[in-house]
Amino acid sequence: MAKLTDPVTILRGVGPARAKQLAQLNIQTLGDLICHFPRGYEDRTQLVQIQDLQPDIPACFRAMVLSVPRTSHIRKGLDITRVQVGDTTARLNLTFFNQNFVSDNLLYGHEYIFYGAVSGDFIGYSMNTPVFESPDSPPLTTRRILPVYPLTAGLANAAMLRLIQQAMAICDPPAEILPAPILEQYQILPAAQTYRVIHAPGSLAEAEQAKRRMIFEEFFVFSAGLALLRAAQAGKKAVPYANLTLTPFTQALPFSLTGAQRRAIGEIAADFQKGVPMNRLVQGDVGSGKTMVAAAAAYLAGKNGDQTALMVPTEILAEQHYASISKLLVPLGIRVGLLTGAMRTGEKRLARENLASGQLDLVIGTHALLSQTTVFSNLGLVITDEQHRFGVAQRAALLGKGQDPHLLVMSATPIPRTLALLMYGDLEVSILDELPPGRQSVQSFLVSEFMRPRINAFIRKQAALGHQCYIVCPAVADNPEQNLKAAETWADTLRRTVFPELRISLLHGQMKGAEKEAVMASFARGESDILVATTVIEVGVDVPNATVMVIEDADRFGLSQLHQLRGRVGRGKEQSYCVLFTRNRNPQTLSRLKALCKTADGFRIAEEDLKIRGPGDFFGARQSGLPAFRVANLSSDLELLQQAQQAASSWIDCHGAEMTPQAQALRSRIKALFDRAQGTMN
Ligand code: ADP
Ligand code: MG
């Protein structure tokens, strides 16, 4: 027997060229091959008679070769082979293009099983390029449910099928990781059977069973991972905070907290008294004021002698939080520091020394916080902002730098309930369902190029009123293949020809950290009128004086992403506007964008987005912090998700500490899944 980890090159017919094709599909080992699942099935089990063939509907039939196949050379690169076949009901002419081997394989007077679709014209029916095999050979491409695999150039489905069958014949499929009682309780197909069925189902219903098992397994592994995190958390203790007075904090605020903010802060304060580490998600739409909730939590931690780490996904955001939070908290006696990758080596070293020696109460930073050289003297509270940008593993890494610290995660992206359940199944939730008073909803418009002059005039008018404008482009630089608005070129055009009188700055992800910060900071100070940018400004950035958000080629962005971008304006007292430019004419795309213009409800937008794009792609695949599920679909497999979650958490509760080979296999699968989800930070 071969092993799952053996390379595909041990298979017959896999030389360097084949191996390269397989590598294109991320298939290196026999295990990868066995886990290469079909994207669908074709039912080729039914044999029909030729007279019953329906135009354009492929089917199997058995027929005898009634003429010697003849190949004609039509022109360079085009050979046509013709042959007549028939059964007791009718005759049929078959045509093959550039398949000269057919003449050798279809023998006059012999019978074969064919699979193909007839096409009709006034002369009669004929069939182009059917597949065929001898009735004496084992069914491979006819007389069966045929798996249809994801393929790559040069690798046909039949070849993939043969390779997988070969691998299955010499190698056992992955071992069962689901406990037997759970298989029984939830009527789940065992692993060994599942892999066999997936690649060679006896019926479509059987294939469905196998698929259900794989979905259940994925959800189970993920949920078990979360349950383990929670179990690890459960045994932990935290010294209850004694000092929970918030009055100095609220008095220092330039505004009064919204009811929702007060509620969330209250829930956090209650968690701080419980004697176990807090595990809380604060979820609120863009602009709902999550930063102040984080600041309040950090204030309380600081007043009780704990250090706080606030981790954010971008340098711009770190810089901005640092500016606003230190302005608020430093006068209250909280020592605040900044730590980002873009800082000078000396500055970073100083920040780290101050953290390690307890000279800082709060550090705001990017993934630089995760580095081994970042050490805390007494990390008591970990806050992650824009949590959907981080993986579960990164959150865990930061937590590991303290002695069972409290955890507060904040997410601006409204997450559909199904997804929230999955991503944050291990957290309590506070919802900020109220915007600060005086906010007006952002007026949104979908426009075509035709409106360009009017929009330009509008931007000029807003600038004359002292307001600022973002213009977001889908690309950084011109790319002739894509024909998208590129920030660099567009900024240049605007400066030279459209708004020569205005101050225009440029911000994109390829710029150095310090440069980005400088541009953003200067825009925030009102030193430029227009910021031409890519989606680097999507997350969190707060410039209340900006009232116009123009998005170029808006159809290139996801709906949730557009909603996030739109959330960059409407943050002050002034009426704000969002203008979506598109050259797209697809009615479906246009109606989605129009719908976005009509609603400000982030949750509804997120649900819609999930429907359109599927979960893998939800936040832009790289951003979700979610593992890429291979078979499961979060919008349609909800019931199975709930079953798997229930199964996983009760299993971990009772057997989480087991060290049987099966339990270890499950653990290593969990690790692989969480590792795959890691490295999602930009
Ligand atoms: P979020 O992170 O939830 O998108 P922010 O924390 O960036 O939102 O807050 C958005 C804006 O609202 C900021 O300018 C902030 O100062 C302001 N803000 C927050 N809370 C209040 C409040 N209670 N009243 C008025 N303005 C507020
Ligand atoms: Mg925010």
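Residues numbered from 1 in each chain as written. Chains lettered and ligands numbered in written order. Predicted model: local features only at pLDDT ≥ 70, side-chain atom pairs only at ≥ 80, totals over all residues. Heavy atoms only, no water.

The next thing to look at is the overall build of the protein. When helices and strands are counted, the protein shows 22 helices and 24 strands. With respect to the principal axes defined by its C-alpha atoms, the protein has extents near 95 × 70 × 45 Å. Classification of the 682 residues of the protein by burial places 53% in the buried group. Of the contacts formed within the protein by residues at least 6 apart in sequence, a portion of 73% connects residues at least 24 apart. Taken as a whole, the protein presents about 30,700 Å² of accessible surface, with 52% of it coming from carbon and sulfur. Averaging the positions of the 69 positive and the 62 negative side-chain charges in the protein gives two centres separated by 3 Å. (Helix = DSSP H or I, 4+ residues; strand = E, 2+ residues; numbered from the N terminus. Buried < 20%, exposed > 50% of the residue type's maximum accessible area, 1.4 Å probe, protein only. Contact = heavy atoms within 4.5 Å. Areas by Shrake-Rupley, 256 points an atom, 1.4 Å probe, with all protein chains shown as cover. Lys, Arg positive; Asp, Glu negative; His and termini not counted. Charge placed at Lys NZ, Arg CZ, Asp CG, Glu CD.)

Take the packing of aromatic side chains next. For any pair of aromatic rings, the description consists of the separation of the ring centres together with the inter-plane angle of the planes. Tallied over the full model, the rule gives 12 aromatic pairs. Look at Y112 and F114: their rings are 6.3 Å apart centre to centre, the planes differ by 65°, and that puts the pair in the edge-to-face class. Like F114, Y112 is buried. Geometrically, the ring pair formed by F216 and F220 is stacked, given 6.2 Å between the ring centres and 20° between the ring planes. (Phe/Tyr/Trp six-rings, centres within 6.5 Å; stacked < 30°, edge-to-face > 60°.)

Quick look at helix α17 (residues 513-524) now. Taking 1.5 Å as the rise per residue, α17 with 12 residues should run 16 Å; its terminal C-alpha atoms sit 16 Å apart, in good agreement. Where α17 is concerned, the buried positions are G513, K516, E517, V519, M520, S522 and F523. Buried-residue contacts for α17 involve α11 (315-329), β20 (468-472), β21 (504-507), β22 (530-533) and β23 (546-551). Once α17 ends, the next one or two residues include G526, with phi positive near 85°. (Expected span 1.5 Å × (residues − 1).)

Time to look at the site of ligand 1. Lining the immediate surroundings of ligand 1 are 16 residues, of which G287, K290, T291, R439 and D542 lie closest. Interatomic distance of 3.0 Å between a backbone N/O atom of G289 and an oxygen atom of ligand 1. Between R571 and ligand 1, the recorded distance is 2.7 Å, taken from a side-chain N or O atom to an oxygen atom. Across the complex, the protein chains shield 88% of the 560 Å² of accessible surface that ligand 1 would expose by itself. When its residues are assigned to classes, the shell around ligand 1 shows 4 nonpolar, 7 polar and 5 charged. (Near = heavy atom within 4 Å. Polar contact = N/O pair within 3.5 Å; in protein donor to acceptor, adjacent residues only side chain to side chain. Nonpolar A, V, L, I, M, F, W, Y, C, P; charged D, E, K, R; others polar.)

Pairing is parallel in the open sheet, where 7 strands are placed in the order β14-β15-β13-β16-β17-β12-β18. At either margin of the open sheet sits one strand with a lone partner, and together these are β14 (336-339) and β18 (428-432). Across the sheet, the axes of successive neighbouring strands diverge by a mean angle of 20°, strand direction being ignored. Bridge count between strand β13 (residues 307-311) and strand β16 (residues 379-384): 5 bridges; the pairing is parallel. Note on β16: the bridge partner recorded for A309 is V382. (Pairing = 2+ DSSP bridges. Axes fitted to C-alpha atoms, helices over the stretch in contact; angles between N-to-C directions.)

With that settled, the discussion passes to helix α18 (residues 559-566). An α-helical segment advances 3.6 residues per turn. Residues three or four places apart therefore align on the same side. Counting buried positions over the 8 residues of α18 gives 8, a clear majority of the element. Those residues of α18 not exposed but buried are L559, S560, Q561, L562, H563, Q564, L565 and R566.

With that settled, consider the pairing of strand β12 (residues 279-284). Of all 6 residues in β12, 6 are buried; the element is thus mostly enclosed. The pairing of β12 with strand β17 (residues 406-411) spans 5 bridges and is classified as parallel. The partner of Q283 across the bridge, within β17, is S411. As defined by bridge partners, β12 adjoins β18 across 5 bridges and the pair is classed as parallel. Residue pairing for β18: L281 is matched across the bridge by V429.

Let us look at the nonpolar core. Of all hydrophobic cores here, the largest spans 61 residues; its most connected members are F249, L329 and L362. In terms of residue count, helix α10 (residues 290-303) provides more of this core than any other element does, 10 residues in total. Setting aside chain neighbours within four positions, we find F249 in contact with M292, A295, A296, Y299, L328, L329 and L332. (Core = buried A, V, L, I, M, F, W, Y, C linked by side-chain atoms within 4.5 Å.)

To continue, consider the pattern of salt bridges. This model, assessed by the stated rule, comprises 21 salt bridges. Here E267 ties to R280 by a salt bridge, and the two come within 3.6 Å at their closest N and O atoms. Separated by 13 residues along the polypeptide, E267 in helix α9 (residues 259-272) and R280 in strand β12 bring together distant segments of the chain. For E267, a relative accessible area of 29% gives the class partly exposed. (Salt bridge = Lys/Arg side-chain N within 4 Å of Asp/Glu carboxyl O.)

Taken domain by domain, the protein holds domain 1 (46-143), domain 2 (247-432) and domain 3 (443-599). One C-alpha centre belongs to domain 1, the other to domain 2; they are set 68 Å apart. (Domains from an automatic or database assignment.)

With that settled, the discussion passes to the sheet that holds strand β24 (residues 577-581). Here 6 strands make up an open sheet; going across it, the order is β19-β24-β23-β20-β22-β21 and the pairing parallel. Each edge of the open sheet is held by one strand with a lone partner, namely β19 (443-447) and β21. Taken over all neighbouring pairs, the strand axes of this sheet differ in orientation by 15° on average, direction set aside. Pairing geometry for β19 and β24, over 5 bridges, is parallel. Among the inter-strand pairings, F445 is bridged to a residue of β24, identified as V579. Together, β20, β21 and β22 form the strand contacts of helix α16 (residues 487-498), whose direction differs from that of β21 by roughly 175°.

One non-glycine residue, N98, lies in positive phi territory at about 50°. Within the secondary structure, N98 is located in the loop between β6 (91-97) and α3 (102-105).

So, on to the packing of α18 against helix α19 (residues 587-598). The interhelical angle for the contact between α18 and α19, taken along N-to-C directions, is 35°, at an axis separation of 11 Å. Here α18 and α19 pass one another in a crossing that is right-handed. Here L559, L562, H563 and R566 of α18 lie close against α19, whose contacting residues are R592, L593, L596 and C597. Tallied by class, residues from the contact of α18 with α19 come to 5 nonpolar, 1 polar and 2 charged. (Left-handed = near helix turned anticlockwise from the far one by under 90°.)

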